[in-house]
Amino acid sequence: MENKDFHDIDRMFSDHFQGTKVPVEDKEQLWENIQSNRKRRSGIYWPLAGILLLVASSAFAWMHFQESETLMADESFKTRKEIFSSETQMEQLPLEEEKLRSMDEAMNNQEKKITSQTVKRIEENVLTNERPSGDISVKSITGEEQLMPVLSKEKDSAETLETKGNDIGHISKLGAIPLAQIAKNEMEGIHLELLGAGPDWDKCWVRPRGQWFLDAYAQFGIPLEDIQFTGEASGYAKDWEQQFDPAYSYHGGLMIGRQFHWNGYLAAGLEYQQFQTEHLNELRIIETIQIYDPRAYFTVDENGERQYIGDTVTVTNIRDEIERSANNYKMLHLPIHLGYRSKGKYWRYGIDFSALINLSFNYEGVFLRADGAVVEVDESNQSDYFVDGMGTSFSAALHLGRMVGDRTELYLQPRFRFNSQNYHNGDTGLSIKRNFAGLRVGLRYYLE
Amino acid sequence: MELESIIAQIKKGSVSAERQLFDQTTDQLMAVALRYTLDDQAARDVLQEAYIRIFSSIGKFHYHSDGETWSWLQRIVVNEALRWINKNRRWSKIRNIAPGNEVVRQVNHLYRDDKMEMLKCLRKEERIVFNMYAIEGYSHKEIAKTMGLAVGSSRSLLTRARKKLKQQVELLENQSTIPNQDL
């Protein structure tokens, strides 16, 4: 898989950069610089070539009669010479054959390590324009053997060094101090690179980070009740169970949160919950109806004559009905969510835990007392029958989400809420605890 | 004018043909130079030297196809860019800047490219190797020779560059955000 991934990366960047154009500012100026440089260089080439030839001949003659120092080129130096040779001709200073031969010999035979002492010596000598002598070779960090040029004892002027320093593609006639320094730099550079760690995130453009988000959701839940009665009246809890039928719970909420780069998140907001129960009241209805019939009612007496009785009749209907009334619990909570959500390109999975801190609680409906009376309850007498606040409940959920845009996620969460709080005032003797099982549907919008 | 005829005219000494070649190729070669130097001014310097080399050596160049011609032009720019990098490294040593570090200046403000920005996350050697291997098409042997490395070092630098770029690409995809352009 890795090879394929790497080829994909290569292709991605290659396809992107092939044929890419970057507009050049002030092209005219660039063109003029090119033309003026060309003229300047062609104007000085021949005289410079002549001077260098003269210098080269002098140096060769001098070096030929020096026995103690040998100028060697190392592999990397040779390689560097080739760097700046393209397929076209690069300008190079000609090398004497003897020098080349000695370089080859040195490369094949010498195996001395460069020490930091030697390097320090080189550094000092670079600064003082003097050069140490002796054959030195370098064993690079990668294990590659490289030969360092042995530097001649000849003093040189700073100016010449400067000139030579700009001419790093060529073997200098007078020595190779800058090359030694450069080689050391390269070695150090390589060493550092091999020890390099992960991306330099300070310079990096895309870095792992968190995201703020807004979350809006709706939730539907089914209460699971646990009703108990601690008083003396028998059958009260059973009556309550028979007369009160739990319906459904609806939630709606808005949150703001932060998803961290490690995929955990924290969110808080406001949630409105409305929970309904039905009160079932059995009624026996007796209806007495008087019906007026225009035909009237007659009887026939013994003489065969109709006797008028009347034109109405009373009918009595008896029926049983169940009267249903809705009782509403309205609550406002402060939800605090802590969760983990994987950040896939399209699908997201996770878990969610939350604490719901009840902020307000309001009841409208009826209440069945232990003496059998059904009373209307509202804000004015709510505290006689219900607790003031519901405290804190907890919930847990699984999360399944799908990105429906660059920044929008649609998700489903099957949830279970644990509520150990009793809804009812202790004086009533009634204890009802309600847990909820539900399904949440939400939209999460990432702000950044 | 087509490249073939431009080159033929340049060989005959036509300055206007040189200017035509310059106009047709500058923007694309600038992109190549920027990938190595990450610096506007440096890229201009590289281009300047590259064009001097191109015009001085075009007499020996034989046209075969437009593709080959572009490869030749790009190689010259790459060579000049590497020369600039070597110069810059030596300069940094003299000034006591630790090798391996570099000052990444603002890339051309006219040019914003997410892939270019990702290349900034790479160390200099990693970027050079990746550019040369994946985009320019050099072999590891050629890269090693050019940079004075072992072939194994070239391979490991390439692997590290690829891993870092892959991480960057995945991060960008997963975040699904507009990136932070605060460099």
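Counting secondary structure elements, chain A contains nine helices and 11 strands. Classification of the 448 residues of chain A by burial places 40% in the buried group. Long-range contacts, defined as pairs at least 24 residues apart, comprise 71% of the intrachain contacts of chain A with a sequence gap of at least 6. Carbon and sulfur atoms make up 54% of the accessible area of chain A, which totals about 25,000 Å².

This next bit is on the overall build of chain B. Within chain B, the regular secondary structure consists of eight helices and zero strands. Counted from the first residue to the last, chain B has its helices and strands arranged as α-α-α-α-α-α-α-α. Expressed as a percentage of the 183 residues in chain B, the buried residues total 61%. Considering only intrachain contacts with a sequence separation of at least 6, the fraction spanning at least 24 residues in chain B is 66%. Looking at chain B as shown, the accessible area adds up to about 7,300 Å², and 48% of this sits on carbon and sulfur atoms.

Glycine aside, a negative phi is what most residues show, and trans is what most peptide bonds show. All names here are of chain A. The backbone of Asp26 shows a phi angle near 50°, a positive value even though the residue is not glycine. Locating Asp26 in the fold gives a position in the loop between α1 (2–17) and α2 (27–64). By relative accessible area, Asp26 is classed as partly exposed at 48%. Its identity is not glycine, yet Asn263 carries a phi of approximately 80°, on the positive side. Structurally, Asn263 can be placed in the loop between β4 (244–259) and β5 (264–300). For Asn263, a relative accessible area of 15% puts it in the buried group.

With that settled, consider a nonpolar patch on the surface. All names here are of chain A. A grouping of Tyr346, Trp347, Tyr349, Leu400, Val404, Leu410, Leu412, Leu439, Val441 and Leu443 is seen on the molecular surface, where their side chains present a nonpolar patch of about 930 Å² in accessible area. At three residues, strand β11 (residues 430–446) tops the list of elements feeding residues into the nonpolar patch. Mapping Leu443 onto the fold places it in strand β11.

Further remarks concern the pattern of salt bridges. Counting across every chain of the model gives 19 salt bridges over all chains. Across the pair Glu28(A) and Arg19(B) runs a salt bridge whose closest N-O atoms are separated by 2.7 Å. One end of the pair, Glu28(A), is in helix α2; the other, Arg19(B), is in helix α2 (residues 15–37), on a second chain. A relative accessible area of 40% means that Glu28(A) is categorised as partly exposed. Here Lys166(B) and Glu170(B) are joined by a salt bridge, their closest N and O atoms 3.1 Å apart.

Each pair of aromatic rings is reported with the distance of its centres and the angle of its planes. Residue and element names in this part refer to chain A. One pass over the structure, following the stated rule, counts 22 aromatic pairs over all chains. Between Phe367 and Tyr385, the aromatic rings sit 4.6 Å apart at their centres with planes inclined by 35°, giving tilted as the arrangement. With Phe367 in strand β7 (residues 347–368) and Tyr385 in helix α9 (residues 382–385), this residue pair connects regions lying 18 residues apart in the sequence. The buried category is assigned to Phe367, whose relative accessible area is 1%. An aromatic cluster is built from Phe275, Tyr329, Phe361, Tyr363, Phe367, Tyr385, Phe386 and Phe436, whose rings are joined through pairwise contacts. Stacked on the ring of Tyr217, the Lys or Arg Arg440 has its end atom at 3.6 Å from the ring centre.

Further remarks concern the pairing of strand β6 (residues 306–341) of chain A. In terms of strand pairing, β6(A) meets β7(A) through 14 bridges, oriented antiparallel. Across the sheet, Leu338(A) pairs through a bridge with Phe353(A), a residue of β7(A).

With 62 residues, the main nonpolar core has Phe13(A), Tyr36(B), Ile54(B) and Phe130(B) as its most contacted residues. With 10 residues, the single largest contributor to this core is α2(B). Core analysis: the second largest hydrophobic core is formed by 21 residues, Tyr329(A), Tyr363(A), Phe386(A) and Ile432(A) among them.

Let us now look at the packing of α2(B) against helix α6 (residues 124–136) of chain B. Running from N to C, α2(B) and α6(B) point in directions that differ by 145°, and their axes come no closer than 9 Å. From α2(B), Val32(B), Arg35(B) and Tyr36(B) reach across to α6(B), where they touch Arg127(B), Ile128(B), Asn131(B), Met132(B), Ile135(B) and Glu136(B).

For the rest of this paragraph, the subject is the confidence of the model for chain A. Of all residues in chain A, 64% attain a pLDDT of 70 or more, and the chain-wide mean is 71. For the stretch residues 110–142 of chain A, pLDDT sits under 50, and the model shows 84 contacts to residues farther than four places along the chain or on other chains.

Detailed conclusions should not be drawn from predicted coordinates in areas where pLDDT is low. Residues and elements named next belong to chain B. Model confidence for chain B is summarised by a mean pLDDT of 80, while 80% of its residues fall at 70 or above. Confidence over residues 90–111 falls short of pLDDT 50; this stretch has 48 contacts with residues more than four positions distant or in other chains. Low pLDDT, under 50, characterises residues 176–183; the stretch is placed with 23 contacts to residues that sit more than four places away or in other chains. Across the whole predicted complex the pTM is 0.44, and at the interface the ipTM reaches 0.82.

Before going further, it helps to examine α6(B). Residues and elements named next belong to chain B. Most of α6 is tucked away: 12 of the 13 residues are buried. For α6, the complete set of buried residues consists of Lys124, Glu125, Glu126, Arg127, Ile128, Val129, Phe130, Asn131, Met132, Ala134, Ile135 and Glu136. Downstream of α6 by one or two residues, Gly137 has phi in the positive range, about 85°.

The next point concerns the side chain of Arg434(A). Residue and element names in this part refer to chain A. With respect to the helices and strands, the residue Arg434 is situated in strand β11. Since its relative accessible area comes to 1%, Arg434 is described here as buried. Of the polar contacts made by the side chain of Arg434, one reaches the side chain of Tyr329; its length is 3.4 Å. Apart from the residues lying within four places of it in its own chain, the contact partners of Arg434 are Pro223, Leu224, Glu225, Phe275, Thr277, Tyr329, Asn419 and Tyr423.

We now examine helix α7 (residues 140–147) of chain B. Within α7(B), burial applies to His140(B), Ile143(B), Ala144(B), Thr146(B) and Met147(B). One side of α7(B) holds all its buried residues, which, seen down the axis, span an arc of 165°.

As a further point, take the pairing of strand β9 (residues 392–403) of chain A. Residues and elements named next belong to chain A. Judged by which residues are buried, β9 turns out to be one-sided: Ser393, Ser395, Ala397, His399, Gly401 and Met403 face inward and are buried, whereas Thr392, Phe394, Ala396, Leu398, Leu400 and Arg402, on the alternate face, are not. The sheet contact formed by β7 and β9 spans 11 bridges and is antiparallel. Of the residues in β9, the one forming a bridge with Arg348 is Gly401. The pairing of β9 with strand β10 (residues 408–418) spans eight bridges and is antiparallel. Bridge pairing links Leu400 to Leu412 in β10.

The rules we used
Residues numbered from 1 in each chain as written. Chains lettered and ligands numbered in written order. Predicted model: local features only at pLDDT ≥ 70, side-chain atom pairs only at ≥ 80, totals over all residues. Heavy atoms only, no water. Helix = DSSP H or I, 4+ residues; strand = E, 2+ residues; numbered from the N terminus. Buried < 20%, exposed > 50% of the residue type's maximum accessible area, 1.4 Å probe, protein only. Contact = heavy atoms within 4.5 Å. Areas by Shrake-Rupley, 256 points an atom, 1.4 Å probe, with all protein chains shown as cover. Patch = residues over 30% accessible without salt bridge, like charges linked within 9 Å, V, L, I, M, F, W, Y side chains within 5 Å. Salt bridge = Lys/Arg side-chain N within 4 Å of Asp/Glu carboxyl O. Phe/Tyr/Trp six-rings, centres within 6.5 Å; stacked < 30°, edge-to-face > 60°. Lys NZ or Arg CZ within 6 Å of the ring centre and 35° of its normal. Pairing = 2+ DSSP bridges. Core = buried A, V, L, I, M, F, W, Y, C linked by side-chain atoms within 4.5 Å. Axes fitted to C-alpha atoms, helices over the stretch in contact; angles between N-to-C directions. pLDDT = per-residue confidence, 0-100. Polar contact = N/O pair within 3.5 Å; in protein donor to acceptor, adjacent residues only side chain to side chain. Arc of directions from axis to C-beta.

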